[in-house]
Each structure stands twice: as C-alpha cells, then as structure tokens.
Amino acid sequence: MTLKSDTPTPSGAPDRRAGTRLSAEGLIPSGRSLFGSGGPQRFALLGILAIILVLCLVFIPEFRSWRLIASMINSQSIILLLALVATIVLRTGGFDLSISQTMVGSAALTIVLVKSGVPLAAAVPLAVLLGAAVGALNGFLVVKIGVDSFVTTLGSYSALAGFAYLVTDSSIVAGVPDELVNAVRSEVLGIPLVTWYAWILALLLWFVYQRTPLGRYMLFVGGNPDAARLAGIRVQAVRFGAYLASGILSSLVGLIFLGYFGAVDPGTGGQYMLQPLAAAFLGTTAIVIGRFNSLGTVVALYLLIVGITGLQVLGAQTWVTNVFYGLALMIAVAASKLAGRKKALR
Amino acid sequence: MRKTTATLVGLGVLAFALTGCTPAVSSDGGTAASAPVDAANADCVSAVTPDVEAAMEPSALVAPEAPLDLAGLAGKKIWYITNSQNQFSTEMSTGVEEAGKAAGVDVTVFDGQNSTSRYSEGINQAIAQGADGIILMAVQPAVVKEDLAAAEAAGIKVLSTLNGDPDEPVAAGTFGNLTADYTADGELMGKWALYDSGCAADVVVVQSSPVHVWDLAAKGIEAAITDSGSDSSVKVLDIDPAKIATDTTSQLQTALQVDPDVNYVLPVWDSAMPFISPAIAASGGTAKVLAHDGISASLELIASGKDQQGTVAMPPPGWIGWAAFDEVGRAITGAADPGYVIPTRLVTSDNVGDGSVGDVSPNYADYQTAFTSAWSK
C-alpha cells in the first residue's frame with residue numbers, strides 16, 4: 001500500500017510543494033540515520049551556534065570561564081524543558097498553550113500542600129494528577145469534541161492561571177523542602193540537575209521521535225491526519241495521548257520549577273507562555289528541518305542563549321537582546337523555509 | 001543504534017560514579033561574615049552608619065489627626081483599581097475594603113491584570129457606575145491620561161498610589177500620590193551595603209526601569225554607592241518587565257559569573273526573590289541580598305536566615321489601603337489632603353524577630369483603631 005504524504009511544516013500544515021511519496025512501511029523507522037533527512041543544512045544552525053560561541057570566546061574574555069559557560073547552559077533550563085514539552089503536541093499538528101500555567105499550577109499546588117502539612121511524597125503525585133487531568137481535558141475537548149486546540153488550551157491556560165492564584169491566595173509561597181531543592185539544584189559535573197533533566201528529556205524525545213513508530217505516527221498525524229487514518233493509524237489516540245503526555249510532563253516541569261526557584265509566584269505563568277513555543281519553532285530549522293524535533297530545539301535555544309549572553313556581557317541594553325531574539329527567530333525560520341523550497345524544486 | 005545508546009548510558013553512569021552529587025543546600029544556610037572595615041574606608045562607614053542605624057528603628061505610626069465627615073461619606077462609592085493581582089495588592093485591597101466598611105462606603109475592587117486596556121476599562125466602568133472616588137494602585141497615571149481626564153470631568157476624585165516620590169508633581173487627573181520616598185529608600189539600600197561591607201561593596205542592582213518607582217530606587221542605590229568615595233562599585237541590571245520571570249535569573253547569573261567579587265545583590269522589590277535565589281546559589285551563595293517592600297514571604301526568609309538578608313519594609317499593605325481610603329474620603333468630602341507618606345524601616349536579621357507585623361511594624365499592630373478613632377472625633 002502506498003500513500004500520498006506531505007512534508008509537515010512548522011505550523012503542522014502540509015507543504016504541498018514538497019510532496020513526496022511515502023509507503024506505509026516508511027512510517028516505521030528505517031534506522032539508516034540518527035537525525036532523519038534534511039541535507040547538510042540541518043546542521044547549519046549548529047554551525048552558527050559554534051561560530052558565535054568561538055567568536056565570543058575569542059573576543060569576549062569573560063567567556064573564557066567554565067562557570068560562565070555552565071551558567072549559560074543552566075540559565076534557561078526551565079524554558080528548554082517547556083520547549084521540549086511543547087514539541088509533543090506541535091508534532092501532532094496541535095497547540096498546547098497551557099503548558100506554562102500547568103507548570104505553575106502544579107508547583108503552586110505542591111508547595112501549598114506541603115506547607116499545609118502534606119508530605120512531599122504525597123503532594124508530588126497529586127501535582128502530576130493535576131497535569132494529567134489538564135492534559136486529558138485538553139485532549140477530550142480537542143480530539144473528541146473537535147474544539148480548536150488554540151482556543152481550548154488558551155482556555156485551560158486562563159483557568160489554570162486563576163487556579164494558581166486561588167491555591168496560593170494570590171501570594172508568593174516560599175519554603176520549598178530542601179530535598180526538592182537539592183533534587184533540582186545539586187550539581188553533577190558542575191552542571192545542575194535541572195539541566196541534566198532537560199538533556200535527558202531531549203534525548204528521550206529524540207529517541208521517541210526518530211527511532212520509534214510512535215514518533216513517525218505523531219509526525220504523520222500532524223502532517224496529514226486523514227491519510228494517517230487511512231493508513232490505519234489510531235489518529236485520535238495519538239493526538240489524545242500527546243495532550244495527556246504534555247499535561248503530565250508539564251506538571252513534572254512544575255516540580256522542577258518549584259525546586260529551582262524555591263518558591264512560587266502565581267503570576268509568573270504568563271511569562272513562560274511564548275518563549276518555549278518560539279524555541280520549539282526555531283528548533284524546526286535544525287537537525288530535522290521542517291519538523292518539530294528535540295535536538296533542534298536544544299540547538300536553537302542554546303544559539304539564542306549564547307547570542308544574548310554575549311550581548312549582555314558586552315553591556316547591551318535590554319531592547320538589543322529583544323531585537324536579537326526576534327530577528328534570530330524570523331531569519332532562521334525564513335531561511336529554513338527557503339531551503340525547503342529549493343530542495344523541493346530540485 | 002544499540003552501540004550509541006550503550007555508549008551514552010555508559011558515559012552517564014561513569015560521570016555519576018566519578019563525581020557524585022554535590023548538594024545545593026547546606027544544612028547551616030549561613031551567609032558570609034561581614035568584611036572587616038578597611039581603614040581607608042573608615043570615613044565612608046562613619047558617614048553611613050547613623051542613617052542605617054536610624055532606619056532600623058521601628059516606623060512611627062502614620063494615622064489621621066483630624067476627624068472625617070462620615071455622614072458626608074455615607075453611601076458614596078470608591079473604586080480600587082489594581083495594577084495586577086498579587087500579594088501586595090490583595091492585602092492592600094483588604095485594607096481599602098475594611099476601611100470602606102467602617103465608613104459605610106461601597107468599595108469595588110477591579111483587577112487591572114497588568115494591562116493598560118484593563119486600567120482604562122476599570123476607570124471607565126467607575127465613571128459609568130457613578131463612582132465618587134478612585135484609588136489607582138501602582139497604575140502609572142500617564143498610561144490612562146485620557147481616562148483620568150474623563151474621570152476628572154465627571155467630578156471623581158482620583159488618588160494615585162505607589163507612583164514616584166512624594167515630592168514629585170501630582171499627575172493630571174489625580175489629586176494626590178500616596179507613596180514612599182523610593183529615592184531615599186534606594187539610598188538607604190546602598191548605604192546598608194556600604195555599612196555591612198565596611199564600604200567594600202561590589203553591588204549588583206536588579207530593577208526594571210519602566211516601573212518608575214523601581215527606577216527611582218535603583219538610582220538612589222547608584223547615588224549612594226558612587227557618592228560614598230569608597231572603593232565600592234555598582235552595576236545595574238535592567239530587566240524587561242515582561243520577562244522578569246524568565247530573564248532575571250539568567251541575567252543575574254551571568255553578572256555574578258562575569259564579576260565573582262559581587263558581594264551584594266539589591267533587587268528593588270521583594271517579589272523578585274524567587275528569581276534571585278537560584279542565581280546566588282549557582283554562584284556559590286555568598287552574595288547578600290537586600291530588597292524593598294517587606295512582603296511577608298521576604299520577612300519569613302529573613303527570619304529564617306535563608307536567601308535574603310534584609311528588606312526596606314513598608315508598613316502592612318492593609319495600612320496603605322486604609323490610608324488611601326482616608327485620603328480619598330477626605331477629598332470627596334472637601335477636607336484638606338493629609339498628604340501621607342508611606343514610612344519604611346530597614347529590616348535585617350537583627351530586628352526582624354519572627355517576621356510578624358508585631359515584630360517588624362510594632363506601631364502598626366492596631367492601625368485600624370487609630371483611623372476609626374480619629375474619624376469619629
């Protein structure tokens with residue numbers, strides 16, 4: 001059996017110009033490449049990252065410090081974790097805007113329970129249960145009822161923001177148990193565990209996306225759900241599962257968030273809404289071009305971090321870093337799109 | 001593939017085996033001892049010591065002396081429009097509501113949700129619903145200039161709160177500004193760092209300049225350090241207000257790595273603490289932290305000896321709510337504006353006690369009675 005398939009774009013919509021023929025067998029990983037297809041340009045962003053890093057090392061003396069490099073790597077680990085979680089639903093063609101508030105809501109629930117005397121070991125499963133409930137509700141509304149994913153998750157985003165204010169009584173709640181702080185901030189090889197968790201999640205998602213049938217099914221469902229259905233893939237189950245996994249993982253990120261900051265400010269969820277999504281989209285320009293992928297997301301985020309840190313060390317004002325962030329996103333995604341068109345024409 | 005996975009797992013196991021885990025939180029949670037006073041900086045220390053010691057004394061109670069025309073106020077409507085919903089604004093709104101209840105005034109609380117359009121909506125709803133007074137909580141009047149003009153035209157008395165220093169001109173459309181002296185508080189923060197370090201302070205200030213009061217405090221700190229004539233230095237991190245949660249830690253972490261000699265971090269608001277602590281911990285945890293506001297979470301941290309060493313504390317936010325209500329009430333009834341200034345107290349481990357209002361603001365334990373007694377004289 002052969003199927004007409006389209007190459008998924010960052011938006012999840014099929015790119016008609018880049019149409020290729022894909023056999024049902026093609027949905028199963030071939031094992032021929034670690035990173036999938038995409039030509040040499042898939043390493044272009046990695047190359048730019050390396051060039052910027054070398055330039056910074058050469059021209060900015062402060063960069064020649066392991067502590068600064070480590071601090072750069074660590075500083076955006078929460079964003080990286082959320083960006084990786086964001087790729088799950090994005091890969092299936094949907095949006096999950098609620099991940100940042102699920103993170104804050106779970107963190108808020110955990111700390112409030114702990115402060116009220118509930119053991120941490122009991123509070124953690126309840127926080128994960130909250131994430132699962134949010135993911136299941138999002139999945140039910142989007143997959144079963146057919147509500148647009150953007151609208152659904154924007155709704156749960158708002159409701160969870162209110163939930164965080166409710167459980168914390170609109171207050172910053174501090175006093176996180178040391179065991180949770182140590183489980184996040186302790187260092188291994190000079191790198192805090194929070195960063196290791198992000199790297200482990202990136203590797204785990206890379207394995208699922210690139211090396212398992214599920215990863216290919218997600219991609220296929222995101223690119224062309226009708227064709228995927230005809231190919232026998234359980235489209236609804238895959239999409240529902242993506243929302244569920246997104247909710248559960250977001251709540252786990254919430255626990256990491258809690259340990260990292262040692263307190264919860266219920267008003268912070270909004271500031272974590274867009275940056276992870278931007279990193280996930282930028283990640284489609286690296287490693288596996290045109291597809292949401294974990295290693296591309298890691299490379300993209302580190303490119304931004306190195307560039308922004310370099311600017312900060314040089315004394316750039318806040319607006320300069322904002323401009324850098326925005327331009328990097330626009331240029332990288334546009335360049336990737338152009339490269340994709342050239343490839344399709346050949 | 002199996003080879004790759006096995007190699008990765010092997011490397012991971014080896015790394016853990018060789019290095020072990022370094023705990024992030026020590027059991028003592030102590031901070032570095034104060035630096036010895038250098039002879040060359042003795043003059044600097046002598047100059048700042050009286051101000052710091054005076055600022056550690058409890059703030060005197062600020063309360064009305066003249067009665068309030070409660071009969072004239074009965075049945076009036078006052079709107080309280082917040083910048084956003086947070087611990088400070090919520091506690092202050094409780095104060096406004098309590099005062100309203102005591103004076104027989106109908107109080108409506110409107111959450112501005114950190115959005116200019118919501119502030120505008122709140123003011124226009126207040127106008128439409130026949131409000132007699134409006135209290136703007138940390139909403140910069142300039143961003144709702146036209147709405148304030150409409151309120152003024154409707155005869156509504158608008159009080160701005162927590163915007164700028166007390167001696168700044170009153171914004172158009174408002175009759176007053178209930179605030180603290182943020183510039184003086186910033187200078188006090190800088191002086192404390194000088195005092196505590198023996199005038200050998202390497203300071204990083206964390207602020208967000210679009211928030212006017214934070215900018216004033218940051219400038220006060222800079223002035224205190226640069227005018228001290230000591231070897232101390234100061235650097236200001238100006239964070240985008242829309243990215244405080246995501247950027248503060250990373251920018252501070254970078255600053256601490258670039259200059260490992262930083263021994264004081266001065267965020268100009270207490271709520272920044274969750275984003276300050278991880279950066280300090282990642283740098284080795286020796287820099288001391290002094291912030292501003294005196295929210296209960298920070299007072300708890302100071303009392304526990306963890307993460308934060310001090311704050312410039314305002315009285316309980318509930319008192320600010322009562323004082324704001326009092327000012328608006330007097331404006332509505334045509335009485336003279338008392339022109340309250342929010343007092344502040346330098347709070348450190350030396351005078352925080354258990355972090356309660358009784359210990360931090362002992363003269364404010366029963367401020368409500370001070371208001372109601374004066375009102376009914």
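Just so we're clear, the structure is a prediction, and the values are computed from it rather than from any experiment.

Comments concerning the sheet that holds strand β8 (residues 264-267) of chain B
Sheet strands pair by backbone hydrogen bonding; their relative direction is either parallel or antiparallel.
Residue and element names in this part refer to chain B.
Consideration 1: Here we have six strands laid out as an open sheet, ordered β7-β6-β8-β9-β10-β12, and mixed in their pairing. In the strand order of this sheet, the two ends are held by β7 (233-238) and β12 (345-348), each with one partner. The sheet shows a mean angle of 20° between the axes of neighbouring strands, direction not considered.
Consideration 2: Looking at chain direction, strand β9 (residues 288-293) and strand β10 (residues 310-313) are connected through four bridges and run parallel. If you follow Ala 291 over to β10, its bridge partner there is Thr 311.
Consideration 3: The sheet contacts of helix α8 (residues 212-226) involve β6 (202-207), β7 and β8, and relative to β6 the element is tilted by about 170°.

With respect to the interface of chain B and chain A
Consideration 1: Between chain B and chain A, the residue contacts involve 42 residues of the former and 39 residues of the latter.
Consideration 2: Roughly 3700 Å² of surface becomes buried between chain B and chain A when both sides are summed, with 57% attributable to carbon and sulfur atoms.
Consideration 3: Counting the contacts that link chain B with chain A gives two salt bridges.
Consideration 4: Taking the shortest distance from any N to any O, the salt bridge between Glu 300 of chain B and Lys 115 of chain A comes out at 3.8 Å.
Consideration 5: Scanning the region where chain B abuts chain A turns up 14 residue pairs in polar contact (both at pLDDT 80 or more).
Consideration 6: Considering each element in turn, the side of chain B that touches chain A owes the most residues, 11 residues, to helix α9 (residues 244-258) of chain B.
Consideration 7: When grouped by side-chain class, the residues that make up the side of chain B that touches chain A number 20 nonpolar, 16 polar and six charged.

Notes on the sheet that holds strand β4 (residues 157-161) of chain B
Residues and elements named next belong to chain B.
Consideration 1: Read from one edge of the open sheet, six strands run β2-β1-β3-β4-β5-β11, paired in parallel fashion. Whereas interior strands pair on both sides, the edge strands pair on one side only; in this sheet they are β2 (106-111) and β11 (341-342).
Consideration 2: Relative to strand β5 (residues 176-180), β4 is paired through three bridges, and the arrangement is parallel. For Thr 161, the partnering residue across the bridge sits in β5 and is Leu 178.

The rules behind each value
Residues numbered from 1 in each chain as written. Chains lettered and ligands numbered in written order. Predicted model: local features only at pLDDT ≥ 70, side-chain atom pairs only at ≥ 80, totals over all residues. Heavy atoms only, no water. Pairing = 2+ DSSP bridges. Helix = DSSP H or I, 4+ residues; strand = E, 2+ residues; numbered from the N terminus. Axes fitted to C-alpha atoms, helices over the stretch in contact; angles between N-to-C directions. Contact = heavy atoms within 4.5 Å. Buried area = accessible area lost by both parts, 1.4 Å probe. Salt bridge = Lys/Arg side-chain N within 4 Å of Asp/Glu carboxyl O. Polar contact = N/O pair within 3.5 Å; in protein donor to acceptor, adjacent residues only side chain to side chain. Nonpolar A, V, L, I, M, F, W, Y, C, P; charged D, E, K, R; others polar.

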